[in-house]
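# Structural overview
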Amino acid sequence: MLKCTSARVDITTLDNPGWRVRIPLAGTSLDHAAFPEVRDLVPEVAWMHCQVTQGRFEGAGGPLMLGRILRTFLDGARHADRQGTGAATG
């Protein structure tokens, strides 16, 4: 299992195979930002599910979906910044 963890970002592999990304939002400018849930469960290899739950962005997806999961987080953070509900950078 590949695991990359920093103080803010946790990226791990899944057994089925795939990726899981967890980014805590509590205590950040994105703590109360509205991130839309993304659920694209078909086809089997390109599936993806992203949501914010309990103050944390959680994304999971197939083996080719890590970039799209991270892009979903970044797009949500930028949208929150434009809406004035977060102060994302990048």
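Provided above is the structure to which this section pertains.
Summarised in this report is the structure supplied together with it. As the structure is a computational prediction, the values presented were derived from the model and not from experiment. (Residues numbered from 1 in each chain as written. Predicted model: local features only at pLDDT ≥ 70, side-chain atom pairs only at ≥ 80, totals over all residues. Heavy atoms only, no water.)

### Observations concerning the overall build of the chain
Filter applied, for reference: Think of it this way: any DSSP run of H or I at least four residues long counts as a helix, any run of E at least two long counts as a strand, and we number them from the N terminus. For each residue, the accessible area found with a 1.4 Å probe, counting protein chains only, is set against the maximum for its type, and the residue is called buried under 20%, exposed over 50%, and partly exposed in between. Accessible surface area values rest on a Shrake-Rupley calculation with a 1.4 Å probe, where residue burial reflects the displayed protein chains alone.
Of regular secondary structure, the chain possesses 1 helix and 6 strands. Secondary structure elements of the chain, listed N to C terminal, follow the sequence β-β-β-β-β-β-α. Expressed as a percentage of its 90 residues, the buried residues of the chain come to 34%. Working note: accessible area of the chain is about 5,600 Å², and carbon and sulfur atoms make up 55% of it.

### Let's talk about the nonpolar core
Inclusion rule: Definition used in this section: a nonpolar core is a set of buried Ala, Val, Leu, Ile, Met, Phe, Trp, Tyr and Cys residues joined via side-chain atoms within 4.5 Å.
The biggest cluster of nonpolar side chains holds 16 residues, and the ones touching the most others in it are Ile 23, Leu 25, Leu 30, Phe 35, Phe 57, Ile 69 and Phe 73. When contributions to this core are tallied by element, the ones reaching two or more residues are β3 (18–24), β5 (48–53) and α1 (66–83). By residue number, the principal contributor to this core is α1, which donates 4 residues.

### Looking at α1
Using the following cut-off: An expected span of 1.5 Å times one less than the residue number is assigned to each helix. Any pair of residues with heavy atoms lying within 4.5 Å of one another is described as a contacting pair.
Taking 1.5 Å per residue, 18 residues should reach 26 Å; α1 reaches 26 Å between its end C-alpha atoms and fits that length. Tucked inside the fold, the buried residues of α1 contact β3, β4 (38–40), β5 and β6 (56–61). The first or second residue beyond α1 is Gly 84, which carries a positive phi of 80 degrees.

### Considerations on the pattern of salt bridges
For clarity, the cut-off: The working definition used for a salt bridge is a side-chain nitrogen of Lys or Arg within 4 Å of a carboxyl oxygen of Asp or Glu.
For the structure on display, the rule yields 5 salt bridges. The partner of Asp 75 in a salt bridge is Arg 71, with the nearest N and O atoms 3.7 Å apart. Of this pair, Asp 75 and Arg 71 both sit in helix α1, 4 residues apart, which is roughly one turn of the helix.

### Quick look at the packing of aromatic side chains
Heads up, the condition is: Two rings belonging to Phe, Tyr or Trp (six-membered ring only in the last case) form a pair when the distance between their centres is within 6.5 Å. Interplanar angles under 30 degrees mark stacking, angles over 60 mark edge-to-face geometry, and anything in between is tilted.
By the definition in use, this model includes 3 aromatic pairs. Aromatic side chains Phe 35 and Phe 57 sit 6.1 Å apart centroid to centroid with 55 degrees between the ring planes, which places their arrangement in the tilted category. Residue Phe 35 is found in the loop between β3 and β4, and its partner Phe 57 is found in strand β6; the two are separated by 22 residues along the sequence. Among the aromatic residues, those joined into a ring-pair cluster are Phe 35, Phe 57 and Phe 73.

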